[in-house]
Amino acid sequence: MEKVLTSLWGVENSHKLDVYKSHGGYEMAKQVLSDWDSPKLIEHVKATGLRGRGGAGFPTGLKWSFVPIDSEKPKYLCVNADESEPGTAKDRYVLERTPHLLIEGVLIAAKALKCHHAFIYCRGEFYDQLAIVRAAVEEAKAAGIVGKNALGTGYDIQVTVHSGFGAYICGEETGLIESLEGKKGQPRIKPPFPAVHGLYGCPTVVNNVETIAALPWLIKNGPEAYKKMGTEKSPGSKLMSISGHVERPGTYEIELGMPLKDFINETAGGIWKGRKLKACIPGGSSVPVLTAEEVEKVNLDYESCAANGTMLGSGGCIVMDETVDMVHMLRVLGHFYSHESCGQCTPCRRGTSWAHRTLCRIDDGEGKPEDVETLLHIANNMTGRTICPLADALAMPIKSFLTKFREEFDYKARTGKSLVQPGKAA
Ligand SMILES: Cc1cc2nc3c(=O)[nH]c(=O)nc-3n(C[C@H](O)[C@H](O)[C@H](O)COP(=O)(O)O)c2cc1C
Ligand code: SF4
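All values reported here derive from a predicted model rather than from experimental measurement.

About the cut-offs
Residues numbered from 1 in each chain as written. Chains lettered and ligands numbered in written order. Predicted model: local features only at pLDDT ≥ 70, side-chain atom pairs only at ≥ 80, totals over all residues. Heavy atoms only, no water. Near = heavy atom within 4 Å. Polar contact = N/O pair within 3.5 Å; in protein donor to acceptor, adjacent residues only side chain to side chain. 1 Å grid on protein atoms, 1.4 Å probe; cavity = no way out; pocket = protein on both sides within 12 Å on 5 of 7 lines; lining within 4 Å. Sits in = over half its atoms within 2 Å of the grid points. Helix = DSSP H or I, 4+ residues; strand = E, 2+ residues; numbered from the N terminus. Nonpolar A, V, L, I, M, F, W, Y, C, P; charged D, E, K, R; others polar. Salt bridge = Lys/Arg side-chain N within 4 Å of Asp/Glu carboxyl O. Contact = heavy atoms within 4.5 Å. Core = buried A, V, L, I, M, F, W, Y, C linked by side-chain atoms within 4.5 Å. Buried < 20%, exposed > 50% of the residue type's maximum accessible area, 1.4 Å probe, protein only. Points joined across faces, edges and corners; volume = space filled by probe spheres on them.

### Details of the site of ligand 1
Of all residues adjacent to ligand 1, which total 18 residues, the nearest are Gly54, Lys63, Glu173, Asn208 and Thr211. Separating an oxygen atom of ligand 1 from a backbone N or O atom of arginine 53 is a distance of 3.3 Å. Between lysine 63 and ligand 1, the recorded distance is 2.8 Å, taken from a side-chain N or O atom to an oxygen atom. Most atoms of ligand 1, that is more than half of them, are within 2 Å of grid points of the largest pocket. Among the elements that line the shell around ligand 1, the one with the most residues is strand β5 (residues 204-208), at 3 residues. Split by residue class, the shell around ligand 1 holds 4 nonpolar, 8 polar and 6 charged.

### Looking at the pattern of salt bridges
Taken as a whole, this structure holds 29 salt bridges when the rule is applied. The partner of glutamate 303 in a salt bridge is arginine 51, with the nearest N and O atoms 2.8 Å apart. With glutamate 303 in helix α13 (residues 302-307) and arginine 51 in the loop between α3 (38-48) and α4 (60-65), the pair connects residues that are 252 residues apart, well separated along the chain. One continuous salt-bridge network, built from bridges that share partners, spans Arg53, Lys90, Asp91, Glu210 and Lys238.

### Things to note about the site of ligand 2
As a matter of local geometry, ligand 2 sits amid 13 residues, with Cys342, Gln344, Cys345, Cys348 and Cys388 nearest to it. Of the pockets mapped on this structure, ligand 2 occupies the largest cavity. Class assignment for the residues of the shell around ligand 2 results in 9 nonpolar, 4 polar and no charged.

### Section: the environment of leucine 17
Tracing the chain through its elements places leucine 17 in helix α1 (residues 17-22). Between the C-alpha atom of leucine 17 and that of alanine 143, which follows or precedes it by 126 residues, the distance is 9.0 Å. If we ignore the near neighbours within four places in the chain, the residues touching leucine 17 are Tyr26, His100, Glu139, Ala143 and Ile145.

### Some points on the nonpolar core
Tyr26, Trp64, Leu77, Leu107, Ile157 and Leu215 are the most contacted members of the largest nonpolar core, which has 65 residues in total. The dominant element in this core, judged by the number of residues it contributes, is helix α6 (residues 99-113), at 10 residues. Isoleucine 157 has contacts with Leu107, Ala110, Cys115, His116, His117, Ala118, Val146, Gly147 and Ala150, leaving out every residue within four places of it along the chain. The next biggest cluster of nonpolar side chains, apart from the first, holds 39 residues, and it includes Ala355, Ile362, Val372 and Phe401.

### Quick word on the layout of surface pockets
Any empty space left between atoms is shown by rolling a water-sized probe over those atoms. Approximately 1400 Å³ is the volume found for the largest pocket. Element by element, the count of residues in the lining of the largest pocket is highest for β5, at 5 residues. Looking at side-chain class alone, the lining of the largest pocket contains 18 nonpolar, 15 polar and 11 charged residues. In this structure, the second largest pocket spans a volume of roughly 400 Å³.

Given below as structure tokens:
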């Protein structure tokens with residue numbers, strides 16, 4: 001498979017401008033800034049079928065077409081580099097290994113959106129990546145690639161790198177916009193959508209790092225080449241991270257539609273220590289968990305995941321072997337989401353912490369049999385009742401863990417003991 005995003009991974013100093021340029025870097029941006037207009041670019045990206053890689057898989061060209069391009073207000077592009085979903089470790093590698101690929105993508109997207117000021121919003125904990133991206137933007141500025149008359153094309157584009165402060169919720173697009181405006185990163189009620197009323201009340205597109213970094217390849221190779229990879233509705237390639245109990249955890253570029261079992265067993269070398277697979281969360285911790293039997297049927301594309309009751313999400317695949325205590329695992333997720341709730345909506349603020357406390361009680365052997373039903377009740381009352389989907393991001397795992405591994409929860413709530421001995425294979 002041709003590499004859309006990772007062809008320079010492994011090349012020495014791939015983060016440096018001269019190395020990037022020696023591999024054809026910025027040629028596509030120069031062409032686009034000189035010769036392409038906004039409608040042509042939007043149509044081109046629509047024709048590729050590229051879908052946003054931040055989690056929802058929304059078609060990128062379609063999203064861009066919602067922006068009132070001819071509005072007199074400034075148009076903004078925000079690159080979402082907040083990457084905080086547990087299990088997801090892909091954008092950080094684009095930032096640290098090929099920051100100029102991202103900047104070239106920014107120039108292309110900016111031209112499509114008639115945008116003259118783009119922001120790269122980086123997760124606060126990305127200390128090293130931030131330094132690398134900042135240095136790359138400075139290099140690009142000094143070389144006349146970014147700034148006034150970018151690449152000598154007459155197009156002006158300013159790029160600002162902004163650091164978050166370690167809040168997961170600033171990855172939600174309107175939380176990110178609020179944070180960029182200097183306020184608390186609390187999601188906004190939608191509508192209005194950012195495409196019409198985003199940063200500083202102006203038309204704004206928020207796109208994930210991986211989405212934007214695919215653009216130079218898409219301009220160079222065109223829609224047909226991209227659609228040769230993947231499936232009809234999920235074309236192209238995707239960065240997938242895989243963590244947990246596999247022999248070769250890591251981040252891989254795969255062709256969409258790859259069987260999940262092949263990703264686990266071949267790409268990642270199979271379950272470690274010769275143990276058996278118990279469960280897998282394919283798309284980042286907020287998506288419903290799959291049992292080992294379900295893993296056999298699922299392909300890594302948006303449709304197959306949905307047909308099997310889960311989501312491809314941000315591509316953060318978490319693999320659990322037979323020794324994992326599912327009660328404890330869900331407790332860990334509950335801790336994360338209750339800590340990260342921004343607190344605006346009662347079902348989320350109270351629901352996530354109540355669920356977490358209940359899980360702690362069961363896991364610590366101090367639960368009551370009725371706690372399991374209480375958990376389901378909490379999850380049902382969190383679903384679809386909040387400003388942003390963070391509440392659902394805990395409700396979905398709760399419901400799927402309880403549906404698929406119910407006996408472990410009932411047993412621990414009743415006896416105070418685990419049905420599995422953590423770390424011990426059957
Ligand atoms: C709680 C929450 C956290 C999110 N975190 C991220 C994130 O870290 N990175 C990201 O790109 N998208 C994240 N998203 C999705 C963004 O809101 C948005 O849909 C995405 O950045 C759009 O980019 P795309 O169209 O390229 O996928 C998050 C959404 C929610 C609800
Ligand atoms: S669902 Fe949670 S994180 Fe999202 S806006 Fe409401 S309180 Fe904040």
